[in-house]
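Single-letter residue listing:
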Amino acid sequence: MIIQLKADCTDKQKAAIISKVQAFGYKVNEVTTFERHYLVCVGKADFDIRAIGNLRGVQDVHRVEDANMLVSHQWRVHPTVIRLDDGVEIGRNNLSIIAGPCSIESEEQVQITLDFLQRQHIKLMRGGVFKPRSSPYSFRGLGIEGLKFFSRMARERGIKVVTEVMQVSQIEQMYDYVDVFQVGARNAQNFNLLDELGLVDKPVLLKRGLSTTLEEFLASAEYIFCNGNERIILCERGIRTFEKSYRNTLDLNAVPVLKHKTHLPVIVDPSHGIGIRRFVEPMALAAVMAGADGILVEIHHEPELAYSDGDQTLNFQEAEHLFRKLRTAYALVAQ
Ligand code: PEP
Ligand code: MN
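As the structure is a prediction and not an experimental result, all values here were calculated from the model.

Peer 1: Is there a simple way to think about the site of ligand 1 in this case?
Peer 2: Not every one of the 13 residues close to ligand 1 is listed here, only the nearest: R126, A185, R186, K207 and R237. Contact between ligand 1 and R186: an oxygen atom at 2.9 Å from a side-chain N or O atom of the residue. Between ligand 1 and K207, the relevant distance is 2.9 Å, taken from an oxygen atom to a side-chain nitrogen or oxygen of the residue. Considered on its own, ligand 1 offers 300 Å² of accessible surface; in the complex 97% of this is hidden by protein. For the shell around ligand 1, the residue count by class is 3 nonpolar, 3 polar and 7 charged.

Peer 1: Can you help me understand the coordination of the manganese ion (ligand 2) in this one?
Peer 2: By definition of the ideal shapes, a tetrahedral metal site with four donors has angles of 109.5 degrees and an octahedral site with six donors has angles of 90 or 180 degrees. In the first shell of the manganese ion (ligand 2), the protein supplies C102 (SG), H272 (NE2), E298 (OE) and D309 (OD), at 2.1 to 2.4 Å from the metal. Mapped onto the polypeptide sequence, the residues donating to the manganese ion (ligand 2) form the spacing pattern C-x169-H-x25-E-x10-D. Of this pair, H272 sits in helix α9 (residues 270-274) while D309 sits in the loop between β14 (294-298) and α11 (316-333); the two residues are 37 residues apart in sequence, bridging distant segments of the chain. The same class applies to H272 and to D309, which are both buried.

Peer 1: What's the story with the sheet that holds strand β13 (residues 266-268) in this structure? I'm lost.
Peer 2: Note on sheets: strands pair through backbone hydrogen bonds, and any given pair is parallel or antiparallel. Taking strand neighbours around the barrel as the criterion, the 8 strands line up as β7-β8-β9-β10-β11-β12-β13-β14 in a closed arrangement whose pairing is parallel. Within the sheet, the average angular offset between the axes of one strand and its neighbour, ignoring direction, is 25°. In the packing of helix α3 (residues 107-119) onto the sheet, the strands contacted are β7 (96-100) and β8 (124-126), and the crossing angle to β8 comes to about 145°. Strand contacts of helix α4 (residues 143-156): β8 and β9 (160-164), with the helix running at about 160° to β9, the strand carrying the most contacts.

Peer 1: Would you explain the pattern of salt bridges in this entry?
Peer 2: Should the charged atoms of two oppositely charged side chains come close, the side chains can pair. Following the criterion strictly, the structure yields 21 salt bridges and no others. With a closest N to O distance of 3.7 Å, R63 and D46 form a salt bridge. Of the two residues, R63 sits in the loop between β4 (58-62) and β5 (82-83) while D46 sits in the loop between β3 (37-42) and α2 (50-53), which places them 17 residues apart along the sequence. Bridged by salt links that share partners, the residues R36, R76 and E230 form one connected network.

Peer 1: Please clarify how a nonpolar patch on the surface should be interpreted in this entry.
Peer 2: A contiguous nonpolar surface patch, about 260 Å² in accessible area, is contributed by M289, L332 and V333. Take L332: its relative accessible area is 52%, and that puts it in the exposed class.

Peer 1: Before we go on, may I ask you to explain α4 in this structure?
Peer 2: Along an α-helix, a turn takes 3.6 residues, which lines up residues three or four apart on a common side. With 14 residues, α4 ought to run about 20 Å at 1.5 Å a step, and its terminal C-alpha atoms sit 21 Å apart, in line with that. Buried within α4 are the following residues: G143, I144, G146, L147, F149, F150, S151, M153 and A154. Those residues of α4 that are buried lie in contact with α3, β8, β9 and α5 (168-174). Count one or two residues on from α4 and you reach G158, which has phi positive near 70°.

Peer 1: What should I look at first to understand helix α1 (residues 11-23) in this one?
Peer 2: Compared with an ideal rise of 1.5 Å per residue, which puts 13 residues at 18 Å, α1 spans 18 Å between its outermost C-alpha atoms and is within 8% of the ideal. Listing the buried residues of α1 in full gives Q13, K14, I17, I18 and V21. For α1, the buried positions fall inside an angular range of 135° around the axis, keeping them on one side. Turned more than 90 degrees away from the buried face of α1, the exposed residues are K12 and A23. In this structure, the buried residues of α1 make contact with β1 (2-5), β2 (27-32), β3, α2 and β4. Just downstream of α1, G25 is the residue with a positive phi angle, here 85°.

Peer 1: Got a minute to help me understand the side chain of E230 in this structure?
Peer 2: Structurally, E230 is set in the loop between α7 (214-226) and β12 (232-236). Owing to a relative accessible area of 4%, E230 belongs among the buried residues under this scheme. Within the structure, E230 has its side chain in polar contact with the side chain of T33 (distance 2.7 Å). At 2.8 Å, the side chain of E230 forms a polar contact with the side chain of R36.

Peer 1: Help me understand the side chain of D251 in this model?
Peer 2: In this structure, D251 sits in the loop between β12 and α8 (254-261). Overall, D251 belongs to the buried group, its relative accessible area being 15%. In this view, D251 contacts R208, E236, G238 and I239; residues no more than four positions away in its chain are not counted.

Peer 1: Please clarify how the packing of aromatic side chains should be interpreted in this entry.
Peer 2: The way to describe two aromatic rings as a pair is by their centre distance and the angle between their planes. The final tally for this structure, using the stated rule, is 9 aromatic pairs. Consider the rings of W75 and F225, whose centres lie 6.2 Å apart with planes at 70°: the pair is edge-to-face. On the criterion of sequence distance, the pair formed by W75 in the loop between β4 and β5 and F225 in helix α7 is long-range, its members being 150 residues apart. Judged by its relative accessible area of 6%, W75 falls in the buried class. With relative accessibility at 0%, the residue F225 sits in the buried group. The rings of F24, Y26 and F47 are connected pair by pair, giving a single aromatic cluster. The ring of F47 carries the charged tip of R63 above its face, separated from the ring centre by 5.2 Å. Taking NZ or CZ as reference, K202 lies 4.2 Å from the ring centre of Y175, over its face.

Conventions we followed
Residues numbered from 1 in each chain as written. Chains lettered and ligands numbered in written order. Predicted model: local features only at pLDDT ≥ 70, side-chain atom pairs only at ≥ 80, totals over all residues. Heavy atoms only, no water. Near = heavy atom within 4 Å. Polar contact = N/O pair within 3.5 Å; in protein donor to acceptor, adjacent residues only side chain to side chain. Areas by Shrake-Rupley, 256 points an atom, 1.4 Å probe, with all protein chains shown as cover. Nonpolar A, V, L, I, M, F, W, Y, C, P; charged D, E, K, R; others polar. Donors = N, O, S within 2.8 Å, 3.2 Å for Na, K, Ca; no water. Helix = DSSP H or I, 4+ residues; strand = E, 2+ residues; numbered from the N terminus. Buried < 20%, exposed > 50% of the residue type's maximum accessible area, 1.4 Å probe, protein only. Pairing = 2+ DSSP bridges. Axes fitted to C-alpha atoms, helices over the stretch in contact; angles between N-to-C directions. Contact = heavy atoms within 4.5 Å. Salt bridge = Lys/Arg side-chain N within 4 Å of Asp/Glu carboxyl O. Patch = residues over 30% accessible without salt bridge, like charges linked within 9 Å, V, L, I, M, F, W, Y side chains within 5 Å. Expected span 1.5 Å × (residues − 1). Arc of directions from axis to C-beta. Phe/Tyr/Trp six-rings, centres within 6.5 Å; stacked < 30°, edge-to-face > 60°. Lys NZ or Arg CZ within 6 Å of the ring centre and 35° of its normal.

Right, here's the structure in full:
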């Protein structure tokens, strides 16, 4: 059960609500986000919720059967839209395209990519500076210095910066230079990191873990929400299966199922999802047809020379072709 408190609910009113709920045998968790104040109540007893709804200080009360209550569609029936400045929005009636290289490599590369994105009217650029790599000998990113020039150059053009944070201690040093914090698949269940990102007033793009179920994925989002940050974007990026013909198995079933279960926007990363350049386009289109709110895709002016993930990275010609088709596909499903 979720009780949303009125903005002017007094401490005394809140205490009265809590003791009433506890009397029904419920455990009460207070959740204060950047937007609102809730009591998330866990229990089983069946009672008429009007007994709570009529109390002073209560805005509304909902019974929610899902374990991950705050991200549940049962409670918040309207899809959540994530708003950034300059009118950039993610979710509902709008296809978000987030494109850019796997890794930020140089100022020249950022410049060339931004020029291209601007021509394509794309407002969100991705690019890792802290890279989780399977081998410690692979390129691991330019770090904070890379983020600084990426951010400066992107902001000069009103393009938003989406980049991965790998550990708690990086949040503060990255904060000023980031518009959306990405949590990578390998950190999808790093609960300390999720807790801390819950305290940050910037959106979080949360990737599904390599072997997390949708329930676990939603629980990770719930961690961020219940710590205070309601602005979460879920990203399906493929899971580990027995199939070896491609890097991961892009689980497009997840798109309609997640959209049914949660009010949060759901986007898809076909680049990591299949890991093979020539198949990125069909899987991106399939994701849009399945109902995705956006696509996260790796692009590079010279994929053959990319420092990481070149094999799954589109060149600009391929990217332009994809973007055109994505927009057509989205117009079709949005009808
Ligand atoms: C990435 O986006 O470059 C990345 C490392 O993704 P993932 O965490 O999904 O592997
Ligand atoms: Mn990558």
